[in-house]
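# Working through the structure, step by step
Each chain, letter by letter, is given below.
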Amino acid sequence: MSKPLRWRRVLLKLSGEALMGSQSFGIDPAVVERIALEIASAVKLGAQVGVVIGGGNIFRGVAVAAKGGNRVTGDHMGMLATVMNSLTVADALRRHDIPARVLSAVPVPSICETFTQRGAERYMEDGDVIVFAGGTGNPFFTTDSGAALRAAEMKCDAFLKGTQVNGIYSEDPKINPDAERYTELTYEDVITRNLKVMDTTAIALARDNKIPVIVFSIHTPGALVSVLEERGLYTVVS
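Residues numbered from 1 in each chain as written. Predicted model: local features only at pLDDT ≥ 70, side-chain atom pairs only at ≥ 80, totals over all residues. Heavy atoms only, no water.

### A few points about the UniProt feature "binding site: UMP" (unreviewed entry) in the protein
Basically, it comes down to this: UniProt positions are given in the numbering used here, feature names are shortened, and annotations may be inferred rather than shown by experiment. Each helix is a run of H or I in the DSSP string that is no shorter than four residues. Each strand is a run of E no shorter than two, and both are numbered from the N terminus. Accessibility here uses a 1.4 Å probe with only protein chains present; expressed as a share of the type maximum, an area under 20% marks a residue as buried, one over 50% as exposed, and anything in between as partly exposed. Contacts are assigned to residue pairs that have any heavy atoms within 4.5 Å of one another.
Under the present numbering, the feature "binding site: UMP" (unreviewed entry) in UniProt falls on Gly 55, Asp 75, Thr 136, Gly 137, Asn 138, Pro 139, Phe 140, Phe 141, Thr 142 and Thr 143. Here Gly 137 lies in the loop between strand 5 (129–133) and helix 5 (143–153). The exposure class of Gly 137 is partly exposed, given its relative accessible area of 24%. Each residue touching Gly 137, except ones within four places of it in the same chain, is listed here: Met 79, Ala 105 and Val 106. By the element assignment, Phe 141 lies in the loop between strand 5 and helix 5.

### Some thoughts on the packing of aromatic side chains
Note the threshold: The aromatic pairing rule takes the rings of Phe, Tyr and Trp, using the six-membered ring of Trp, and pairs them if the centres are within 6.5 Å, calling planes under 30 degrees apart stacked, those over 60 edge-to-face and the rest tilted. By definition, being over a ring means that NZ of Lys or CZ of Arg is both within 6 Å of the ring centre and within 35 degrees of the ring normal.
The tally for this structure, following the rule as stated, stands at one aromatic pair. With 5.8 Å between their ring centres and 75 degrees between their planes, Phe 115 and Phe 132 make a pair best called edge-to-face. Here the residue Phe 115 occupies a position in the loop between strand 4 (113–114) and helix 4 (117–125), and Phe 132 occupies one in strand 5, the gap between them amounting to 17 residues. There is no split in this pair, since Phe 115 and Phe 132 are both buried. Note that Arg 101 overlies the ring of Tyr 123, its terminal NZ or CZ placed 3.8 Å from the centroid. For Arg 122, the ring lying beneath its charged end belongs to Tyr 123, and the centroid distance is 5.3 Å.

### Overview of the pairing of strand 3 (residues 100–104)
What counts, and what does not: By this definition, two strands are paired if DSSP reports at least two bridges between them.
Burial runs high along strand 3: four of the five residues are buried. Two elements, strand 3 and strand 5, share five bridges in a ladder whose sense is parallel. Bridge assignment links Val 102 to a residue of strand 5, and that residue is Val 131. In this sheet, strand 4 lies alongside strand 3 in parallel orientation, the contact comprising two bridges. Residue pairing in the sheet places Ser 104 in a bridge with Thr 114 of strand 4.

### Considering helix 5
Just so we agree on the cut-off: Here a polar contact is recorded for every N or O atom pair within 3.5 Å, except that within protein the pair must consist of a potential hydrogen donor and a potential acceptor, and residues adjacent in sequence are included only if both atoms are side-chain atoms.
Burial of helix 5 is extensive: eight of the eleven residues sit out of reach of the surface. Of all the residues in helix 5, the buried ones are Thr 143, Asp 144, Ser 145, Gly 146, Ala 147, Ala 148, Arg 150 and Ala 151. Looking at the buried residues of helix 5, the elements they touch are strand 1 (9–14), strand 2 (48–53), helix 3 (71–95), strand 5, strand 6 (158–163) and helix 7 (200–208). Taking the backbone nitrogen of Asp 144 as reference, a side-chain oxygen 3.3 Å away marks Thr 142 as the first, capping residue of helix 5. Remark: Lys 155 follows helix 5 within two positions and exhibits a positive phi of approximately 55 degrees.

### Section: the pattern of salt bridges
Operational definition: Note on definitions: salt bridges are taken to be side-chain nitrogens of Lys or Arg within 4 Å of carboxyl oxygens of Asp or Glu.
Here the structure, examined in full by the defined rule, presents 15 salt bridges. A salt bridge links Asp 91 to Arg 95; its shortest N-O distance comes to 2.6 Å. One end of the pair is Asp 91 and the other is Arg 95, both in helix 3 and four residues apart, which spans about a single turn. In the salt-bridge network here, residues are joined through shared partners; they are Arg 9, Glu 121 and Glu 125.

Spelled out as structure tokens, the structure:
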């Protein structure tokens, strides 16, 4: 018998790289399928889930600026990459009979709906998974900031960040196996120690709206449900 959910309405943030699997570029269908099953399991337990996915597996806007190009153009291209990733995940959820809608901050009406807070609230109350695409709709903002913004707008109980490792560490544990893993931190800890789990704007948004940030490994089977039930390994920033 499952435990009651600690956090019922949540925003799940995934990097675009999380969809690549062992590939160096693009989308691995097997990884998308596994992530969709994780989300479906949470929904079936009563969770209301919003999802934000980065676009780094396809395109990064900063790469254009790094080579002397226009950063705004690059960021617009990155936003379109998030739309592609969002369509992929929403389609996988529907295959498992989980209603899912893509709402984009960048209007692409022939492909998906444009985001409005009222529309997203209505869909979420109906039990649909909302995949928020297009970041904030503005250049110079990361998808972490876009995720924190959506978490605040949707009055989420928690902002879940699925990463490559099972929490926040003092250093990259892949480089330093002796790095310390934290179980609890404050927002100020993350900022002052420059822990780089997400950008400062995203952390500040979460702090100002009193939304706890939970960092866990998206690659651990069953981790999403475990976090919602306060089991497993993760770090809470509050």
